[in-house]
Amino acid sequence: MSRKVVLTGFGCVSGLGIGLAETWRRLAAGEGAIRPLLREAPPDHPARRMDCPAAWVDAGACRAALAAEDLRPMGQLDPLSLYALTAGLEAVEAAGLRGHASLERRTAILVGCGSGGNTTIDQAFERLYARELAKVHPQTIPSSMMSAPASHLALLLGCHGPTFVISSACASSAHALGEAMHMIRSGRVDVALVGGSEACLTLGSWVAWNSVGVMAEDTCRPFSQERKGMVLGEGAAMVVLESEDHARARGAKVLGELAGYGSSSDAADMTAPDLHGITAAIRMAHEDAGLAPEEPALISTHGTGTRINDPVEAAALHAVYGPALSGHTVIATKSAHGHLIGATAAMEFVIGMEALARGVAPPVLNHLGPDPECDLPLALRPEPIDHRVLVSNSFAFGGLNAVLVGRIAP
Amino acid sequence: MTVSTDAILEVIAEESGLDAAALRPDATFEQLDIGSLDVASTLFAIEDKFGVAIDPDQLNPASTIAEFVNLVRQLAPS
């Protein structure tokens, strides 16, 4: 009996588009989704001075696609749930699991979210504080609670197994994938629908992010000279994990394996990255997967494009891989889809696995030239690769690190 | 303001997630599987859009769509 954890379906939505096919088409063409975002605030509102680059989802197209499915009523959907449902349905369809008996009792749903339904919360607060109305929508709490996307997926698919949200800021969906992998390894479930969702491009959320002082006014330039910071995106990515036995028994097409997971806490600083915590997580993921650091890998970095984060991640990669680093290929796809916060790790894992399957590394965009502090073997244009493994890094605010190792099917 | 039946049905459809065509006049909220939170949401939206505040006690799960529409139209300021 094998408790190896295999991948049988992917789904995603982001500024790059709805669905993995469109996402990959644009990535392989070197296209990005970051563009100026004009806010809906009144023209004389101070926040209008903060019009900014971002990578947002065509939520109207998402709602239309979901409406065409003629699903059961699920109450008011914040974009947080809308994106999770869009990506989740795609993943379950791709895996051929829609309506499968295992969904009912033997499936876990884990969704990584960095925050709850910001749109719903913003709308409620705008009524209270700006319009001085006494009431907010009765579904404000059930629509905006951080766990809503997990509940909505369970409702939609009829899943009665363990279902919850994991939150660790920018590493949320890496932790979700890793913990779900262990739930399958331990035999607690046979299947997991797992990933992340985030919908944080509201005025309230964006002003808060901007006040941290890490946002770029131009665009996201990971590991580049003259990089100015991160750019927010939004969206969701979901993955179907299964025990190898379960996948084989139902004749599912196996896309690859979630082979390793490392996680660590810096316990050092709430915002600054920590070299020790990061290297520990990467090494742990390699050990868990039985992956030698010398084996050529596609390394999907956290690569936020901030002044402080990128050199620390580069130093961690040198510390872990040493001279072997030059045999790896390093990508940073936040330059294309922005930082999806709670969804970003799942999005990057899905993109990384697709890159392995297609044999092409999607390019790091907006790069203006090398920074000696970030000396890495970056793919700066779509680059042919023949790596079999992916190492996908996520290092969150609060010092929470999670690293995933994926292998494509032989 | 005169509130049209269609405008009221549109609000019920929006808040319940049901198709407006499914809202037959003689159907009750219970029969349409419109739960208490969806009813509360509908009352909230009716008050927001039409300025009609309805006491939830004036409704029960056995109220029909037609009864609800008439109630809103009666209470709407003309």
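What counts as what
- Position numbers for residues count from 1 along each chain, tracking the sequence in the order it is written.
- Here chains are named by letter from A upward and ligands by number from 1 upward, in the order in which they appear as written.
- Thresholds applied to this predicted model are a pLDDT of at least 70 for local features of residues and 80 or more for the giving and counting of side-chain atom pairs; totals over whole chains, interfaces and linings are not thresholded and use all residues.
- Remark: hydrogens and water are excluded; side-chain values derive from all non-hydrogen atoms of the structure.
- A simple rule labels every residue: compare its accessible area, found with a 1.4 Å probe on the protein chains alone, to the largest value its type can have, and call it buried under 20%, exposed over 50%, or partly exposed in between.
- A run of H or I in DSSP counts as a helix once it spans at least four residues, and a run of E counts as a strand once it spans at least two, with each numbered from the N terminus.
- Working definition: the arc comes from the directions between the helix axis and the C-beta atoms, pointing outward to the latter.
- Two residues qualify as a contact provided that any one of their heavy atoms is within 4.5 Å of a heavy atom in the partner residue.
- Boundary definitions for the domains trace back to an automatic or database domain assignment.
- In this description, buried area is defined as the sum, over both parts, of the accessible area (probe of 1.4 Å) that is lost when the two are combined.
- Here a polar contact is taken to be a pair of N or O atoms separated by no more than 3.5 Å, where protein atoms must pair a possible hydrogen donor with a possible acceptor and residues adjacent in sequence count only if both atoms sit in side chains.
- When residues are grouped by polarity, Ala, Val, Leu, Ile, Met, Phe, Trp, Tyr, Cys and Pro land in nonpolar, Asp, Glu, Lys and Arg in charged, and all others, Gly among them, in polar.
- Here, a salt bridge means any side-chain nitrogen of Lys or Arg that lies within 4 Å of a carboxyl oxygen of Asp or Glu.

Enquirer: Go over helix H9 (residues 203-212) of chain A with me, naming the residues and quoting the values.
Expert: Residues and elements named next belong to chain A. Looking only at H9, the buried set comprises Ser-205, Trp-206 and Trp-209. Angular distribution of buried residues about the axis of H9 spans 95 degrees; they occupy a single face of the element. The secondary structure elements touched by the buried residues of H9 are strand S4 (52-54) and helix H5 (118-130). Looking one or two residues past H9, Gly-213 carries a phi angle of roughly 90 degrees, positive in sign.

Enquirer: Just give me the short version of the domain arrangement of chain A, but keep the residues and values in it.
Expert: Residues and elements named next belong to chain A. When the domains of chain A are assigned, the result is domain 1 (5-249) and domain 2 (260-408). One C-alpha centre belongs to domain 1, the other to domain 2, and the line joining them spans 21 Å. Here domain 1 meets domain 2 over a buried area of about 4800 Å², counting both sides, of which 70% is carbon and sulfur. Area buried by domain 1 at its contact with domain 2 is led by Trp-24, Phe-223 and Arg-227, which between them contribute 21% of it. Linking domain 1 with domain 2 are 21 residue pairs in polar contact (both at pLDDT 80 or more). For the side of domain 1 that touches domain 2, the element with the highest residue contribution is helix H8 (residues 172-185), accounting for 10 residues. Class assignment for the residues of the side of domain 1 that touches domain 2 results in 33 nonpolar, 20 polar and nine charged.

Enquirer: Any chance you could break down the pattern of salt bridges for me, citing the residues and the numbers?
Expert: All names here are of chain A. On inspection of all chains with the given rule, the structure shows 20 salt bridges over all chains. Residue Arg-98 pairs with Glu-69 through a salt bridge whose shortest N-O separation is 3.3 Å. Of this pair, Arg-98 sits in the loop between helix H3 (79-94) and helix H4 (102-105) while Glu-69 is found in the loop between helix H2 (59-67) and H3, placing the two residues 29 residues apart along the sequence. The exposure class assigned to Arg-98 is partly exposed, which follows from its relative accessible area of 34%. Using a relative accessible area of 35% as the deciding quantity, one classes Glu-69 as partly exposed. For the salt bridge of Arg-227 with Asp-371, the shortest nitrogen-to-oxygen distance reads 2.8 Å. In this pair, Arg-227 sits in the loop between H9 and strand S8 (235-243) while Asp-371 sits in the loop between strand S12 (360-361) and strand S13 (383-384), placing the two residues 144 residues apart along the sequence. Of the two residues, Arg-227 and Asp-371, both sit in the buried class. Each member of the salt-bridge network shares a partner with another, and the members are Arg-3, Arg-106 and Asp-190.

Enquirer: So what's going on with the environment of Ala-336 of chain A? Which residues, and what values?
Expert: All names here are of chain A. Examined against the element boundaries, Ala-336 turns out to sit in helix H13 (residues 334-337). Along the chain, Ala-336 and Leu-376 lie 40 residues apart, while their C-alpha atoms are 19 Å from each other. Other than its neighbours up to four places away in sequence, Ala-336 contacts Leu-16, Leu-27, Glu-31, Gly-32, Ala-33, Ile-34 and Leu-365.

Enquirer: Kindly report on the side chain of Ser-16 of chain B, identifying the contributing residues and their values.
Expert: With respect to the helices, strands and loops of the structure, Ser-16 of chain B is situated in helix H1 (residues 5-16). Under the relative-accessibility criterion, Ser-16 of chain B is labelled buried at 4%. Among the polar contacts made by the side chain of Ser-16 of chain B, one reaches the main-chain carbonyl oxygen of Ile-12 of chain B at a distance of 2.7 Å. In terms of polar contacts, Ser-16 of chain B uses its side chain to reach the backbone amide nitrogen of Leu-18 of chain B, at 3.2 Å. Residues within four places of Ser-16 of chain B in sequence aside, it is in contact with Pro-73 of chain A together with Ile-34 and Asp-38 of chain B.

Enquirer: So what's going on with the interface of chain B and chain A? Residues and values would help.
Expert: Across the contact, 12 residues belong to chain B and nine residues belong to chain A. For the pair chain B and chain A, the summed buried area comes to about 830 Å², and 52% of that belongs to carbon and sulfur atoms. The largest share of the area that chain B buries against chain A comes from Glu-15, Leu-37 and Phe-44 of chain B, three residues that together contribute 51% of it. Put simply, chain B and chain A have two salt bridges between them. Connecting chain B to chain A are six residue pairs in polar contact (both at pLDDT 80 or more). Listed by contribution, the elements that provide at least two residues to the side of chain B that touches chain A are H1 and helix H2 (36-50) of chain B. Per element, the largest residue contribution to the side of chain B that touches chain A is seven residues, and it comes from H2 of chain B. Of the residues in the side of chain B that touches chain A, the class split is four nonpolar, three polar and five charged.

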